[in-house]
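Fold and geometry: a report
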Amino acid sequence: MTILSSPMSSVVSTSQEVLSPVGFGSCRSPTAEVSGPFGHSEPDFNDNDEAELFSVSWNQDYGCFAAGTSRGFRIYNCDPFKETFRRDLKNGGFGIVEMLFRCNILALVGGKANAQYPPNKVIIWDDHQSRCIGELSFRSDVRAVKLRQDRVVVILEHKIYVYNFMDLKLLHQIETLANPRGLCCLSHHLNTSVLACPGLRRGQVRVEHFGLNMTKLIKAHDSQLSCLTLTMDGLLLATASTRGTLIRIFNTMDGTQLQEVRRGVDRADIYSIALSPNVQWLAVSSDKGTVHIFSLRVRVVGEDPESDPGTAKNPALFYQNSTSSLDALISPSTGANPGSSLSFMKGVLPKYFSSEWSFAQFHLSESIQFIAAFGSQNTVIIVGMDGSFYRCSFDPVNGGEMVQQEYFRFLKSESRPR
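Since we're looking at a predicted model, the values are computed, not measured.

1. Things to note about the nonpolar core
Nonpolar side chains in soluble globular proteins generally cluster together in the buried interior. Judged by nonpolar contacts, the single largest core of 37 residues is most densely connected at Ile293, Val380, Ile382 and Phe410. Here the element with the most residues in this core is strand S29 (residues 370–374); it accounts for 5 residues. The residues contacting Ile293, other than those within four sequence positions of it, are Trp281, Leu282, Ala283, Ser358, Phe359, Ala360, Phe374, Val380, Phe394 and Met402. Within the second largest apolar cluster, 23 residues are counted, among which are Ile96, Ile124, Phe138 and Phe165.

Below is the structure:
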C-alpha cells in the first residue's frame, strides 16, 4: 500500500499487515535469525569492536537505551547494565534509533553513509518479524522521530507530521520555527495525548492536547529553545533555551510557570533534561561537564490524601481545577535547592541572586556530550557519546556531590562530541 499524504510532504509505504507491538520482555533478543539487510550477532564486549557512535537515546521509561552506530544499532538494558542485542547493517548505520518502551517496534533513520536508508526516510522496523513494516519518505532530512503506542511523530526542520501508529495515516501537520535539533516530546499515558514542540516564535512552546482538542502556546524563553521534556502524563513541561542558564517548569493546561531553577550564570548548551517518575527531581546535562539535580516543588497528581479521589483518576481535570491557585500545584519536596544568601533582596539585585541552584551534582568531561535520566532509588544514569555509561547516587536529604556507583564502556567509539 502506498499513500501520498500531501503533495509536498511525505510518501508513506506500509506492508499489508502492520501488527501490534510484541513485548521484548527484558529487552532480550529474539531467537529467530534476521534475514534481509540486517545481520544478527550476539552481544559481546570485544575491545577491538570499534564503531562510530552516531546517537544515543533513552526509551520512554529510561529502562533501556539505543545506540545508533556506523554498523547498525544496539540496545542496552540499564539495570542491570548489559547489551541485550544488536543489528548490523551491510550498507551503513543509523543516525536515529527510537524505541517504543521495550517492544519489538523501532523507528530508524539512516546515518551519514547509509546507501540503503537515506536520512530523509523513516523505517518502521519490526524486530519480532525481522522486517520493515513501513516507510515514511520526506523531501528533507529527518531531525527526530518520537513514538507512543498509538502515534508515530516525525520531526523535520520546519514541520512535524503526526501519524496513526497502526496504518501510518497522516493525522496532523504542525508548522514550527526552524528546529534543527528536532525538538519534540510526547506524553505516554493512555488517558492523555499531549505533544510539545517549538512554536512559530522564538522561545515559544506549542502544546497540543489532542484528547481535549486544545492548543496552548507558552512563552517559555526570550532565546531560542534548546531542550524540552514532558512528564509521562504530559501535564508538566520542562524547558531550556540556547542561553542554557535557566530551566523552567510549566503547567501545560494553562501555560502557568510553576518553578524556575538555575543551572549557572555562563551560557551553556543543554544536552538533556529529565524528570523523575515521581516528579520530585529534575536532571540537566550540558557542555559544562556537570549533571545537575534539582528538587522540584511541583505536586504529583493524586499525592495529596485530602484531594478528591475522582480527580486523581483524571489528571487533566485535576490541573484544570488547579489553575486558579498555584498553591495547588506547589508543594515542599524532600530536599530544597540552595539559594543565594541575598535572596531576601529579590527584585532589587539581579535575578540570579534570588535563583534556586542545583541540589546535587556529578562532574564529567566537558568535551563529551552526555544525556542523563533517573534510575531507581535516588540514582541517575548517564550515557556519553564516547561510549560510556555511569550510574551514580545522590543524597535526597543533603544533596551535594553524587557518588559514582558503576561505570561501563559499552562501545569503543571513534566519534567525537558535536
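There's plenty left to go through after this.
2. What about the pairing of strand S15 (residues 159–164)?
Two elements, strand S14 (residues 151–155) and S15, share 5 bridges in a ladder whose sense is antiparallel. Residue Ile155 lies in a different strand from S15, and its bridge partner there is Ile160. Counting the residues that bridge the hairpin from S14 to S15 gives 3 residues. Sheet topology places S15 next to strand S16 (residues 170–175); 5 bridges connect them, and they run antiparallel. By the bridge assignment, Ile160 is partnered in S16 with Ile174. In this antiparallel pair of consecutive strands, S15 and S16, the connection spans 5 residues, and Leu168 shows a positive phi of 60°.

3. Focus on the sheet that holds S15
Ordered by their spatial adjacency, 4 strands build an open sheet running S13-S14-S15-S16, and the pairing between neighbours is antiparallel. Two strands lie at the open edges of the sheet, namely strand S13 (144–148) and S16, each paired on one side alone. Strand-to-strand twist of the sheet, defined as the mean angle between neighbouring strand axes without regard to direction, takes the value 15°.

How each quantity is defined
Residues numbered from 1 in each chain as written. Predicted model: local features only at pLDDT ≥ 70, side-chain atom pairs only at ≥ 80, totals over all residues. Heavy atoms only, no water. Core = buried A, V, L, I, M, F, W, Y, C linked by side-chain atoms within 4.5 Å. Buried < 20%, exposed > 50% of the residue type's maximum accessible area, 1.4 Å probe, protein only. Helix = DSSP H or I, 4+ residues; strand = E, 2+ residues; numbered from the N terminus. Contact = heavy atoms within 4.5 Å. Pairing = 2+ DSSP bridges. Axes fitted to C-alpha atoms, helices over the stretch in contact; angles between N-to-C directions.

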